[in-house]
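Single-letter residue listing:
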Amino acid sequence: MILWILLLLLILVVFGFGFTMQALWWVAAVLLVVWIVGFAMRGRGGGRRGGGRRYSRSRG
C-alpha cells in the first residue's frame, strides 16, 4: 500500500514538473514577444530615456 502511495506521489510530482515547465515556456514566449514589440516601438532615434543629466541639481 505504501508503495502505491509513493508511486502516486512520484507521478504527481513528475506531472506537476512537466506542467510547470510548459507554463514557463509560454511565459518566456510572451515576454519575448513583448520585448520585441517594445524594441520595435522605440524607433531608431533616442537611445537613452530621461535625457541623462536633465534633472540633476547644479552645484555652485
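Predicted model, so just to flag it, every value in this text is computed and none were measured.

**Topic: a nonpolar patch on the surface**
Residues M1, I2, I5, L6, L8, L9 and L12 make up a contiguous nonpolar surface patch of about 780 Å² in total accessible area. L12 sits in the partly exposed class, given a relative accessible area of 49%.

**Things to note about the environment of T20**
Along the chain, the position of T20 falls in helix α1 (residues 2-42). Given the relative accessible area of 38%, T20 is considered partly exposed. Polar contacts involving the side chain of T20 include one to the main-chain carbonyl oxygen of G16, which spans 2.7 Å.

Rules used throughout
Residues numbered from 1 in each chain as written. Predicted model: local features only at pLDDT ≥ 70, side-chain atom pairs only at ≥ 80, totals over all residues. Heavy atoms only, no water. Patch = residues over 30% accessible without salt bridge, like charges linked within 9 Å, V, L, I, M, F, W, Y side chains within 5 Å. Areas by Shrake-Rupley, 256 points an atom, 1.4 Å probe, with all protein chains shown as cover. Salt bridge = Lys/Arg side-chain N within 4 Å of Asp/Glu carboxyl O. Buried < 20%, exposed > 50% of the residue type's maximum accessible area, 1.4 Å probe, protein only. Helix = DSSP H or I, 4+ residues; strand = E, 2+ residues; numbered from the N terminus. Polar contact = N/O pair within 3.5 Å; in protein donor to acceptor, adjacent residues only side chain to side chain.

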